[in-house]
Amino acid sequence: SFHQNCSQCLRKMNLNKHGGKKSIFGVEFSIILLIARIISVYCLSSNDSMQRPSQYYNDFVKNLPSLEGKTIAITGCSRGLGHVTAMTVVKKGGRAILLNRKASSKSPEWYHQLQNEATGPKPINIECDLLSFESVRQACQRVREETQDTGIDVLCCNAGIMLQPNKASVDGYDVTASTNMLSHFLLTKELFGQLEHASKNNGLARIVIMSSASGYGGPALDPTFFQRRGGNLGESTHASYARYHQTKLANLAFCSALKDRLESSNNNRIQAVACTPGVCGTDMFVHATTVMNGRPAPRSMVPSVEDGSLAQLKCIFDPTVQSGDLWGPGRDGKLEKTMMQPPQILVDEKTKKQIWQVCEDAVGAFEIQS
């Protein structure tokens, strides 16, 4: 059947992933491309918007600890993984600070849903356009005002885009680089004091960085993608995916570099951790398959968004997670830890220095004091 063929392809790609050898397109792109081809063979209709029932989420969430007294800032909460993450946070009693672009802020239904489900403080929505460094700085000022007494226990760098046009941000950088990496570096830099505040009050704070299996394998990090060259990085789908791969590798390099700098400054109260969602039924999945196949793949072919959120939730909630960890779904869908090192992940000392430098070039120096 169609679903059996999809499952066989997914299993084969997972086996290839664990073998450590990747093409330029990466694991996730190959999976989506295979799915798109199967859709063409089976001539499926494009109106299947139903998600597969969640397999792990409900039991997983039951065992998560309370977040009472904790403040969690999350980017990109209006839908997808960010919305599930924010919903879980507020249901567990945490105070959620929601950082969303203006277009999302005009659609209050998702926000009202979060407010209604909150068992603790009501969530706060703050406009934060990741395509404008000025908007990010203004959002950070609002966050500092809102958290002057509590600080931030977790900064969750969730928002991301994929297979976008070859366009420049407000500041002249590639839109994918600005959204996925540069603005999250700026957020971390600007809100680091709030993380320090919370870590002194509660003993621990975390930066959780959402990456992707698309960041695994080659090619290696190319600083050119993070320079002010937006609109001049290629028009093809192949070039668009290369930009995505670079940002997802950069996320992992940033996490590892941040962990090293925290350790060098003898700061063991703040942790940097990373996660990947696997392929799941997000709007990004629909967008990617539409770009590559001309029509969307059914969400029911892949795990639910709730199941895709588990690694991010673990990184937020689980006290046993260590700085520098990378969590994501394994071959059986259950979470596993991956080492952030070659040959599977091309993060080394050179790469960590490169990503820190290009980010500082874009948004200013970020020094972690001892």
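Residues numbered from 1 in each chain as written. Predicted model: local features only at pLDDT ≥ 70, side-chain atom pairs only at ≥ 80, totals over all residues. Heavy atoms only, no water.

J.: I keep staring at the packing of aromatic side chains and nothing clicks. Help me out?
T.: Each aromatic ring pair is specified by the distance between its two centres and by the angle formed by the two planes. Throughout the structure, instances matching the rule amount to nine aromatic pairs. Judged by centre distance (5.8 Å) and plane angle (55°), the ring pair of Trp110 and Tyr111 falls under tilted. For the pair Trp110 and Tyr111, a shared accessibility class is recorded, and that class is buried. Ring centres of Phe185 and Phe254 lie 5.3 Å apart, and the angle between their planes is 50°; on these two criteria the pair is classed as tilted. With Phe185 in helix α8 (residues 175-190) and Phe254 in helix α10 (residues 237-264), the pair connects residues that are 69 residues apart, well separated along the chain. Grouping residues by exposure puts Phe185 and Phe254 together as buried. Above the face of the Trp356 ring, Arg261 is positioned so that its terminal group lies 4.1 Å from the ring centre. The ring centre of Trp327 lies 4.5 Å from the NZ or CZ of Lys314, which sits over that ring. (Phe/Tyr/Trp six-rings, centres within 6.5 Å; stacked < 30°, edge-to-face > 60°. Buried < 20%, exposed > 50% of the residue type's maximum accessible area, 1.4 Å probe, protein only. Helix = DSSP H or I, 4+ residues; strand = E, 2+ residues; numbered from the N terminus. Lys NZ or Arg CZ within 6 Å of the ring centre and 35° of its normal.)

J.: Any chance you could explain the pattern of salt bridges here in plain terms?
T.: Pairs may arise between side chains of opposite charge once their charged atoms sit close together. Per the counting criterion, the structure on display carries 13 salt bridges. Residue Glu146 pairs with Arg142 through a salt bridge whose shortest N-O separation is 3.8 Å. Of this pair, Glu146 and Arg142 both sit in helix α7 (residues 133-146), four residues apart, which is roughly one turn of that helix. Residue Glu146 is classed as partly exposed on the basis of its relative accessible area of 31%. As a salt-bridge pair, Glu349 and Lys352 come within 3.0 Å of each other at their nearest N and O atoms. Pair noted here: Glu349 and Lys352 are both in helix α14 (residues 349-363), with a separation of three residues, about one helical turn. On the accessibility criterion, Lys352 (10% relative accessible area) is buried. Salt bridges linked by common partners bring Arg79, Asp283 and Arg299 together as one network. (Salt bridge = Lys/Arg side-chain N within 4 Å of Asp/Glu carboxyl O.)

J.: I would appreciate a short explanation of the state of the cysteines in the present structure.
T.: Note on terminology: disulfide describes a covalent bond linking the sulfur atoms of two cysteines. Counting across every chain of the model gives zero disulfides. Free cysteine: Cys77, not disulfide-bonded; nearest cysteine sulfur from Cys156 at 7.8 Å. Exposure remark for Cys77: the relative accessible area of 0% places this residue in the buried category. Cysteine Cys157 remains unbridged, with the sulfur of Cys156 as its closest cysteine sulfur at 7.0 Å. (Disulfide = S-S within 2.5 Å.)

J.: Looking at this model, I keep getting lost on the pairing of strand β7 (residues 326-329). Mind explaining?
T.: Sheet analysis places strand β6 (residues 270-275) next to β7, joined by two bridges and oriented parallel. Counterpart to Ala274 in the pairing with β7 is Leu326. Bridge count between β7 and strand β8 (residues 335-337): three bridges; the pairing is antiparallel. Directly across from Gly328, in β8, lies its bridge partner Glu336. Taken together, β7 and the strand that follows it, β8, pair antiparallel across an intervening segment of five residues, in which Gly333 is found at a positive phi of about 90°. (Pairing = 2+ DSSP bridges.)

J.: For this particular structure, what's the right way to read empty space enclosed by the protein?
T.: Where empty space is left can be seen by rolling a probe of water-molecule size over the atoms. Tallying each qualifying case throughout the model produces one cavity of 30 Å³ or more. In this structure, the largest cavity encloses a volume near 40 Å³. Surrounding the largest cavity, Cys157, Ala159, Asn180, His184, Ile209, Met210, Lys248, Asn251 and Phe254 form its lining. Looking at the lining of the largest cavity, the elements with two or more residues in it are α8, β5 (205-210) and α10. In terms of residue count, the dominant contributor to the lining of the largest cavity is α10 (three residues). Here the lining of the largest cavity is composed, by residue class, of five nonpolar, three polar and one charged. (1 Å grid on protein atoms, 1.4 Å probe; cavity = no way out; pocket = protein on both sides within 12 Å on 5 of 7 lines; lining within 4 Å. Points joined across faces, edges and corners; volume = space filled by probe spheres on them. Nonpolar A, V, L, I, M, F, W, Y, C, P; charged D, E, K, R; others polar.)

J.: Could you clarify how one ought to interpret the side chain of Asp325 in this entry?
T.: When you line up the elements, Asp325 lands in the loop between α13 (310-317) and β7. One polar contact links the side chain of Asp325 to the main-chain amide nitrogen of Gln322, over a distance of 2.9 Å. A polar contact is formed between the side chain of Asp325 and the side chain of Trp327, at a distance of 3.3 Å. Not counting chain neighbours up to four residues away, the residues in contact with Asp325 comprise Ala272, Val273, Ala274, Lys337 and Met340. (Polar contact = N/O pair within 3.5 Å; in protein donor to acceptor, adjacent residues only side chain to side chain. Contact = heavy atoms within 4.5 Å.)

J.: In this structure, what is going on with the layout of surface pockets? I would like to understand it.
T.: Of the pockets and cavities examined, the largest pocket occupies roughly 920 Å³. As for the largest pocket, its lining consists of 39 residues, of which Arg79, Ala159, Gly160, Ile161 and Met284 are closest to the centre. Put simply, the parts of the chain that give the lining of the largest pocket at least two residues each are α2 (26-42), α4 (80-91), β2 (95-100), α8, α10 and α11 (283-293). The leading source of residues in the lining of the largest pocket is α11, at five residues. Each residue belonging to the lining of the largest pocket can be placed in one class, and the counts come to 18 nonpolar, 15 polar and six charged.

J.: Sorry, what's going on with α4 here?
T.: In an α-helix, one full turn covers 3.6 residues, which means residues spaced three or four apart are oriented alike. For α4, with twelve residues, the first-to-last C-alpha span of 17 Å sits near the 16 Å given by 1.5 Å per residue. Most of α4 is tucked away, with ten of its twelve residues classed as buried. All buried positions along α4 are accounted for by Leu81, Gly82, His83, Val84, Thr85, Ala86, Met87, Thr88, Val89 and Val90. Directly beyond the C-terminal end of α4, a positive phi value near 90° is found at Gly93. (Expected span 1.5 Å × (residues − 1).)

None of the figures reported here should be taken as evidence of function without further support.
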